[in-house]
Amino acid sequence: MVEELVTAGVALASAGAVGLMAAARVVKQYERGVVFRLGRLRPQVRGPGLTLIVPFVDRLHRVSLQIVTMPVPAQEGITRDNVTVRVDAVVYFKVTSPAEALVQVEDYRFAVSQMAQTSLRSIIGKSELDDLLSDREKLNQGLELMIDSPAVEWGVTIDRVEIKDVSLPETMKRSMARQAEADRERRARVINADAELQASKKLAEAAQQMADTPAALQLRLLQTVTAVAAEKNSTLVLPFPVELLRFLEKAQHQLPAAAPAPAPRVDPAPEGPNSSQGWTSRNVGRSSARGVCAVNVA
């Protein structure tokens, strides 16, 4: 009798241990447990720790509450200004209602992914190229609102959406590079023109000051000559006043026309043994005298 009681007790304890092991479930800190009893959702969501369910009757589903990082595949579209681009993004979301995430949608991860791709293509079509390149913060907010609106019904909250990269065609890249180069050249020309304007004003003031004191112009000329000579150049270029050239040209036009020179007189050859030598000497002397006069006149 005692042996039968002991055997029954051991069997009962073994059955209880097996049942306890079958009913015990462990839920982690970042998870929540959703229980379905005979296919029906239990209203109570199990928290982290050890929890018990009815074996073979209840089914426990664990749902993670961690933030999920989901990359959005690159989507190709045409912007509002008719430019073809490829844009990829990343979505950060988390589950706020585990029961709705299991009941309202079959796979909330896949649903969020598809909604993100659709919203990204829609944003591309509504935006211009300059907005995609420079005003991404505004586009991120609009994309987050478009994804978050249907995701709230699924028990999912969108934490952040970021546009990662915008790929442009090679022709568009070259056009933008030429545009940027032209803009930089325009700014350089404007700066150069502004510098020339300021320099011209300073030169006008300097010219007016030198006009009042002519000696200052001579001193400036000597300083320029000194600076050029210090470079050990073989050629020295000096400025020549244009007024002096005009004065000389005017004086040349005022000179009377030169009278024609008289024909040279040829003396008859004298007779005698030294006649040819003396005649030659006199002609040479006269020619030399006429040459000196021509040099002096010039």
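Engineer: When you look at helix 3 (residues 108-126) in this model, what are you seeing that I'm missing?
Structural biologist: Because each turn of an α-helix spans 3.6 residues, side chains separated by three or four positions in sequence point in the same direction. Between its first and last C-alpha, helix 3 extends 27 Å over 19 residues, near the 27 Å set by a 1.5 Å rise per residue. For helix 3, every residue scored as buried is listed here: Tyr108, Ala111, Val112, Ser113, Ala116, Gln117, Ser119, Leu120, Ile123 and Ile124. Looking at the buried side of helix 3, the elements it contacts are strand 5 (58-64), strand 6 (68-78), strand 7 (84-95), helix 2 (98-103), helix 5 (136-151) and strand 8 (156-167). The N-terminus of helix 3 is capped by aspartate 107, whose side-chain oxygen sits 3.3 Å from the backbone nitrogen of arginine 109.

Engineer: What should I look at first to understand the pairing of strand 7 in this one?
Structural biologist: Looking along a regular strand, one sees side chains alternate from face to face of the sheet. As defined by bridge partners, strand 6 adjoins strand 7 across nine bridges and the pair is classed as antiparallel. Bridge pairing in strand 7 links methionine 70 to valine 91. In this antiparallel pair of consecutive strands, strand 6 and strand 7, the connection spans five residues, and asparagine 82 shows a positive phi of 60°. Relative to strand 8, strand 7 is paired through 10 bridges, and the arrangement is antiparallel. Bridge assignment links alanine 89 to a residue of strand 8, and that residue is isoleucine 163.

Engineer: I would appreciate a short explanation of the environment of valine 166 in the present structure.
Structural biologist: Along the chain, valine 166 falls in strand 8. Exposure remark for valine 166: the relative accessible area of 10% places this residue in the buried category. Along the primary structure valine 166 and glutamate 76 are separated by 90 residues, whereas in three dimensions their C-alpha atoms are 9.8 Å apart. When near neighbours in sequence (up to four residues on either side) are disregarded, valine 166 contacts Val85, Arg86, Val87, Leu132, Leu133 and Arg136.

Engineer: Sorry, what's going on with the sheet that holds strand 8 here?
Structural biologist: Strand-to-strand pairing in sheets goes through backbone hydrogen bonds, with the strands running parallel or antiparallel. Spatial ordering of the open sheet is given by 6-7-8, a layout of three strands whose pairing is antiparallel. On the outer flanks of this sheet lie strand 6 and strand 8, each paired with one strand and no other. In this sheet, adjacent strand axes meet at a mean angle of 25° when their direction is disregarded. Each of strand 6, strand 7 and strand 8 touches helix 3; the most contacted strand, strand 6, lies at about 35° to it. Across the face of the sheet, helix 5 comes into contact with strand 7 and strand 8 while running at roughly 140° to strand 8.

Engineer: Looking at this structure, how should I read the sheet that holds strand 2 (residues 31-37)?
Structural biologist: Reading across from one edge, 3-2-5 is the order of the three strands in this open sheet, with antiparallel pairing throughout. Strand pairing shows two members of the sheet lacking a second neighbour, strand 3 (40-46) and strand 5, which therefore form its edges. Mean inter-strand twist for the sheet, computed between neighbouring axes without regard to direction, equals 25°. Pairing between strand 2 and strand 5: seven bridges, direction antiparallel. For arginine 32, the partnering residue across the bridge sits in strand 5 and is valine 63.

Rules behind the numbers
- Residues numbered from 1 in each chain as written.
- Predicted model: local features only at pLDDT ≥ 70, side-chain atom pairs only at ≥ 80, totals over all residues.
- Heavy atoms only, no water.
- Helix = DSSP H or I, 4+ residues; strand = E, 2+ residues; numbered from the N terminus.
- Expected span 1.5 Å × (residues − 1).
- Buried < 20%, exposed > 50% of the residue type's maximum accessible area, 1.4 Å probe, protein only.
- Contact = heavy atoms within 4.5 Å.
- Polar contact = N/O pair within 3.5 Å; in protein donor to acceptor, adjacent residues only side chain to side chain.
- Pairing = 2+ DSSP bridges.
- Axes fitted to C-alpha atoms, helices over the stretch in contact; angles between N-to-C directions.

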